[in-house]
Amino acid sequence: MVHPTIDIISIGEVLIDFIGHELNTSINRTKDYHRFLGGSPTNVAVNASRLGLKAVLVASCGNDGLGEYVIRKLNDNQVTTSQIKKVANVPTSVIFVSKSTNTPDFIAYRQADCQLYEEQLPDQLIANAKIFHTTCFALSKEPARTTILNGAKKAKKFGLQLSIDINYSEQIWPERAIAQQTLKEYLSNDPLVKISEDDCFRLFGEHKSERFIFNYFHELGASTICLTKGKDGVVMSDKKEGLITKKALEIAVIKDTTGAGDAFWTGFLYAQLNQKSWSESLDCAQKLAAIKLQSIGRLPDNTSLSELIK
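Residues numbered from 1 in each chain as written. Predicted model: local features only at pLDDT ≥ 70, side-chain atom pairs only at ≥ 80, totals over all residues. Heavy atoms only, no water.

Participant: Could you clarify how one ought to interpret the packing of aromatic side chains in this entry?
Facilitator: In this description, an aromatic ring pair is defined by two values, namely the gap between the centres and the angle between the planes. In total, this model carries 11 aromatic pairs according to the counting rule given. Here Phe 96 and Tyr 109 contribute two aromatic rings whose centre-to-centre distance is 6.0 Å and whose plane-to-plane angle is 90 degrees, an arrangement assigned as edge-to-face. Taken together, the residues Phe 96 in strand S6 (residues 94–99) and Tyr 109 in strand S7 (residues 106–109) connect sequence positions 13 residues apart. Of the residues examined, Tyr 109 reaches a relative accessible area of 45% and is grouped as partly exposed. Through pairs of rings, three or more aromatic residues link up here, namely Phe 18, Tyr 33, Phe 96 and Tyr 109. Here Lys 157 stacks its cationic end above the ring of Phe 158, 5.2 Å away from the centre of that ring. (Phe/Tyr/Trp six-rings, centres within 6.5 Å; stacked < 30°, edge-to-face > 60°. Helix = DSSP H or I, 4+ residues; strand = E, 2+ residues; numbered from the N terminus. Buried < 20%, exposed > 50% of the residue type's maximum accessible area, 1.4 Å probe, protein only. Lys NZ or Arg CZ within 6 Å of the ring centre and 35° of its normal.)

Participant: Would you explain unusual backbone geometry in this entry?
Facilitator: Most peptide bonds are trans, and most residues other than glycine sit at a negative phi. Cis geometry is found at the peptide bond from Glu 142 to Pro 143, where omega equals 5 degrees. If you trace the backbone, Pro 143 turns up in the loop between helix H4 (136–139) and helix H5 (144–157). Even without being a glycine, Asn 89 presents a positive backbone phi close to 65 degrees. On the secondary structure map, Asn 89 appears in the loop between strand S5 (84–87) and S6. On the basis of relative accessible area, Asn 89 is assigned to the exposed category, the value being 82%. Backbone geometry places Asp 190, a non-glycine residue, at a positive phi of 55 degrees.

Participant: What's the story with the pattern of salt bridges in this structure? I'm lost.
Facilitator: By the definition in use, this model includes 10 salt bridges. The partner of Lys 246 in a salt bridge is Asp 283, with the nearest N and O atoms 3.0 Å apart. With Lys 246 in strand S13 (residues 242–246) and Asp 283 in helix H10 (residues 278–293), this pair connects stretches of sequence that are 37 residues apart. Judged by its relative accessible area of 30%, Asp 283 falls in the partly exposed class. (Salt bridge = Lys/Arg side-chain N within 4 Å of Asp/Glu carboxyl O.)

Participant: So what exactly am I meant to see when it comes to the packing of helix H9 (residues 260–273) against H10 here?
Facilitator: Pairs of packed helices are described in terms of their axes, by the angle between the two and the distance that separates them. At a minimum axis distance of 7 Å, the contact between H9 and H10 shows a crossing angle of 145 degrees. At the point where H9 passes H10, the crossing takes the right-handed sense. Between H9 and H10, the contacting residues are Ala 260, Ala 263, Phe 264, Thr 266, Gly 267, Phe 268, Tyr 270, Ala 271 and Gln 272 on the first element and Trp 278, Ser 281, Leu 282, Cys 284, Ala 285, Gln 286, Leu 288, Ala 289, Lys 292 and Leu 293 on the second. Residue composition of the contact of H9 with H10, grouped by class: 13 nonpolar, five polar and one charged. (Axes fitted to C-alpha atoms, helices over the stretch in contact; angles between N-to-C directions. Left-handed = near helix turned anticlockwise from the far one by under 90°. Contact = heavy atoms within 4.5 Å. Nonpolar A, V, L, I, M, F, W, Y, C, P; charged D, E, K, R; others polar.)

Participant: Would you mind going over the pairing of S5 with me for this structure?
Facilitator: Successive side chains on a regular strand alternate, one facing one side of the sheet and the next facing the other. Pairing between strand S4 (residues 55–62) and S5: four bridges, direction parallel. Note on S5: the bridge partner recorded for Ser 60 is Lys 85. (Pairing = 2+ DSSP bridges.)

Participant: Could you clarify how one ought to interpret helix H1 (residues 40–50) in this entry?
Facilitator: In terms of burial, H1 is a largely internal element, 11 of the 11 residues being buried. Within H1, the full set of buried residues consists of Ser 40, Pro 41, Thr 42, Asn 43, Val 44, Ala 45, Val 46, Asn 47, Ala 48, Ser 49 and Arg 50. Once H1 finishes, Gly 52 follows within two positions and takes phi at roughly 95 degrees, a positive value.

Participant: Explanation requested: the environment of Ala 45 in the structure shown.
Facilitator: Structurally, Ala 45 can be placed in helix H1. C-alpha of Ala 45 to C-alpha of His 133: the two residues are 88 residues apart in sequence and 9.4 Å apart in space. Apart from the residues lying within four places of it in its own chain, the contact partners of Ala 45 are Ser 10, Ala 55, Leu 57 and Val 79.

Participant: Please explain the sheet that holds S13 as it appears in this structure.
Facilitator: Hydrogen bonding along the main chain pairs the strands of a sheet, whether they run parallel or antiparallel. Strand order in the open sheet formed by nine strands is S5-S4-S1-S8-S9-S10-S11-S12-S13, with mixed pairing between adjacent strands. Of all strands in the sheet, those with a lone pairing partner are S5 and S13, marking the two edges. Here the strands of the sheet are splayed against their neighbours by 15 degrees on average, with no regard to which way each runs. The pairing of strand S9 (residues 161–165) with strand S10 (residues 192–196) spans three bridges and is parallel. Looking across to S10, one finds that Asp 165 is bridged to Lys 194. Against the sheet, H1 touches strand S1 (6–11), S4, strand S8 (129–135) and S9, its axis set at about 140 degrees to S4.

Okay, here's the thing in structure tokens:
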């Protein structure tokens, strides 16, 4: 019997976030930006590694100075970088982000992040893992889309738990119908689903009720869906357990919302890997998100995150 040694394969975008220095200031008025390692699957891999998990990031960057920065920061955080491809003559992707206590504004300059290929995701790697995680952002462009969808089918066959953050944005993926069809294909593998109210509004082009959202994704094949609602907390719908609702944790000062959803989902996956209940997993997720909301850029250094979220 194979005993997997990889906790999470996180596949998708690695990029540089240039986050504005002035709080709640639009991009057109922001004067200074600070550089951070970014990309939702990247954040999940880094957060997971800092929680003591074995995380492999499958991604692509440019063979340039920013790509060197990406590899260095990932190595500093003990994320396995063997499956990261440095693409020649294609720059590392960057995103400019406003620093905000609400949903931040952003401008994406996408280049190397979508250059994902089958050889970066060999069968042996997938078979040696427990969770296969990706994002809607990562699925939005070829060749990454085909690589991820084929990898997801293999992951399901090998018995992995699949996962997806449906971080849909029409700025990134204007073809909404294609996005919905792609999600239908991925969700047929029964992944754990994380989606926010903002994501839902962008995906459907209008506000939808919780009942509609949960029924829609359940019918596509997802058994468990977490709907994050900002200051209104989170609601999880599981086909067997029904609805679980959690109020938002009180936070005195919110410094930066960028990456909070990734922290939330890492906490949730961490708890699931440790055989926690759905309710305990949501508690863990909210605690890690709260820590991130009080920090600019990555999660704070010199802290035992696994102890803080217990």
